Amino acid sequence: MTHAEFEKEGPVVDDQFRLAIDKIPGLVWSSLPDGYVDFLNQRWCDYTGLSMDEAMGWGWQVAVCAEDLPSLVDTWKTVLSSGEPGEAVARLRRFDGTLRWFLFRAMPVRDEAGVVVKWYGETTDIEDQKRAEALLAGEKRLLEMIAKGEALHPTLDALCRLVDDNADGGHCAIRLVDSAGRRVQHGAAPALPPNDRPEQVIVSDIASDARLKDSEWAELALAQGWRACWTQPIMSLEGRVLGTFGLYAETSGEPTPQQRNLIEQCCHIASIAVERMHSEDTLHQVRAELAHVSRAASLGALTASIAHEINQPLSGIVTNASTCVRLLDSDPPNIDGARETARRTIRDANRAADVIARLRALFRKKSVTTESLDVNQAIREVVALLRRDIEASHVSLRTELSARLRPIAGDRVQIQQVVVNLVLNALDAMSTSRDGARRLFIKTEPAGGDHVRVVVEDSGVGVDPADAERIFDPFYTSKHDGMGMGLSISRSIIESHGGRLWAEANRDNGATFAFTLPTSVAVTATGPDDPRVPANA
Amino acid sequence: MTGSSKRTSPLVGVVDDDESVRESLPDLLRSFGFAVDAFASAEAFLSSESLPRTDCLILDIAMPGMSGPELQHELAASGHTIPIVFITAHGGEDARPQLIKAGAVDYLLKPFSEEALVHAVRRALSVP
Ligand SMILES: Nc1ncnc2c1ncn2[C@@H]1O[C@H](COP(=O)(O)OP(=O)(O)OP(=O)(O)O)[C@@H](O)[C@H]1O
Ligand SMILES: [Mg+2]
């Protein structure tokens, strides 16, 4: 049937069929082979607010978002000339002006000769799906930011923007409680109400909420045009409150299920971002500790100059004191000379003391703390912190952390330092291996009832059994830039915790380093300073 | 005092960049009856009038500019046969054999005792 024939004969839809079509919970239409729309179901008309007459032919185009129309028409024309089924997405304007995304699908109907005689079409509301996709894409972008180690604040700002774009007119704010107890605000919305309780707080009407009676904050929020505020705590994995996430709305009421979902999701992402930053802080701490170790390691190299610095004034002391004694012993005693040499003795002794004070300042280390320590957790943190180094070294990592591990008593940073040393050594040992053959395996397991064992296995160059002990010597290194202190320090740390650290060659290739630590007995590790003073005290 | 003791007391030269050594060592040596001249560097000693009159040299090893062993070499090369007692604050004994082989009388680690010092200087002065 051609366009002209249609004009003459009118729609060829019988009433029964039409009734059925109108009941279908979708927007259905049909067109002539040339694309002239000859039928739209009742829902189509109800949704767009257009009458059948208005929408017929090409009239339906007024309901399509102007931005999406050209590409929709293009696709429709391509589909028509191909005679094959096709689809396109575009925003369709609802009778009230709201734009929603729809999927337009068209199917040809052919006669016996295979000629297209008619097109049937269905237009499906995909707004929710589109939104979910956009949100998902946004969440993915955020998680990528977090994974890339971008700073916390830009990440949270991006999170706020994502929420604002998806919150149906709501505006978001994030407030963090940093480790110093300070509050940091994010997002364009006003400051959140003062609340750090670990529970959701739904204020559906700021103006009338009894909890906010006489609250300055409520006045401020109302003055800025907000009527409702829904907040949820941002929790760490261990259940600590990291901050508060809030969504503001300009009309009073409860959040929609979508908004609730959004709040939920974003709190989760915010907590990942914040925790990631905390572990980043731990990384910095570990790195600082490591830097300290290398500084302390060069102690050996410095011994010569330290000896010189100290022996010089000592020499003055001995010589002056000798002279002093001789001047007093002489007959008659040379009191003035003795006084002068005694004065010089004091000066040189002070000089020696200054040298010692300078050295102490140089090598001061934060004191060691003993806490009940989950070795698995300590390892997980190290692995997270070194993940980038591991990836950059093209090493595939496998971990097998026993769930049956009892806690040990020890210094978390020190134990992590050992694991960092072992992992970095393993990465170094695999740097010359073939790309696909770089495997790192970290395992924990209970050992002998009252110990835990940590095993770090690599597929690198391996350790000659003849060197298995020598590599633990201070300053033993096979690397250009190596200090040769990593293993020696690691061993002294493990031994100060009452454990053992050793190396073995693997059956095939690579080396295995393992250490044990006692579980129950509290061992006080000792540092150069008073071990009873906790870190950061 | 220097004028009269020149002939009677042997002249000991002290070369050390450390001021407290230049202050303390001469006083102690003088209390044993030696005449002493102190210099802050090897160069200062080489250009001083004391050079030909010095009977014994107490010489620091590490100094800015010419080091003690370099001065030893320089003196030997220019025909001066002044007996040398090395002193060092650098601790190790590593340098000893080489310096003794090059003609040094003794090698003292700072801080050294009065006895060790006087013993070394007396030995140096008895060396022909
Ligand atoms: N996983 C390993 N595989 C093979 N050899 C290793 C391994 N770990 C350590 N070694 C050997 O032991 C030596 C000493 O290691 P150690 O960690 O004490 O010092 P380093 O890594 O050379 O320098 P740094 O002080 O920077 O750690 C290394 O130079 C290397 O020769
Ligand atoms: Mg190392």
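This text goes with the structure placed above it.
Residues numbered from 1 in each chain as written. Chains lettered and ligands numbered in written order. Predicted model: local features only at pLDDT ≥ 70, side-chain atom pairs only at ≥ 80, totals over all residues. Heavy atoms only, no water.

Draft legend 1. Region of the structure containing the overall build of chain A. From N to C terminus, chain A includes 14 helices and 17 strands. Within chain A, buried positions represent 45% of all 537 residues. Within chain A, contacts between residues at least 6 apart in sequence are counted, and of these 60% link residues at least 24 apart. Just so you have it, chain A exposes about 27900 Å², and 54% of that area is on carbon and sulfur atoms. (Helix = DSSP H or I, 4+ residues; strand = E, 2+ residues; numbered from the N terminus. Buried < 20%, exposed > 50% of the residue type's maximum accessible area, 1.4 Å probe, protein only. Contact = heavy atoms within 4.5 Å. Areas by Shrake-Rupley, 256 points an atom, 1.4 Å probe, with all protein chains shown as cover.)

Draft legend 2. Geometry of the packing of aromatic side chains. Evaluated as defined, the whole model comprises 7 aromatic pairs over all chains. Where F39(B) meets F45(B), the ring centres are 5.3 Å apart and the plane angle is 70°; that geometry is what we call edge-to-face. Classification of F39(B) by relative accessible area gives buried; the value is 10%. With relative accessibility at 0%, the residue F45(B) sits in the buried group. Above the ring of F441(A), the side-chain terminus of R398(A) is found at 3.9 Å from the ring centroid. (Phe/Tyr/Trp six-rings, centres within 6.5 Å; stacked < 30°, edge-to-face > 60°. Lys NZ or Arg CZ within 6 Å of the ring centre and 35° of its normal.)

Draft legend 3. Summary view of the site of ligand 1. All names here are of chain A. In the neighbourhood of ligand 1, 19 residues make up the surrounding shell, with N425, T477, S478, K479 and L487 lying closest. For the shell around ligand 1, the secondary structure elements donating two or more residues are α13 (412-429), α14 (486-496) and β17 (511-518). Broken down by element, the shell around ligand 1 gets its largest block of residues, 3 residues, from α13. Here the shell around ligand 1 is built from residues that sort into 10 nonpolar, 7 polar and 2 charged. (Near = heavy atom within 4 Å. Nonpolar A, V, L, I, M, F, W, Y, C, P; charged D, E, K, R; others polar.)

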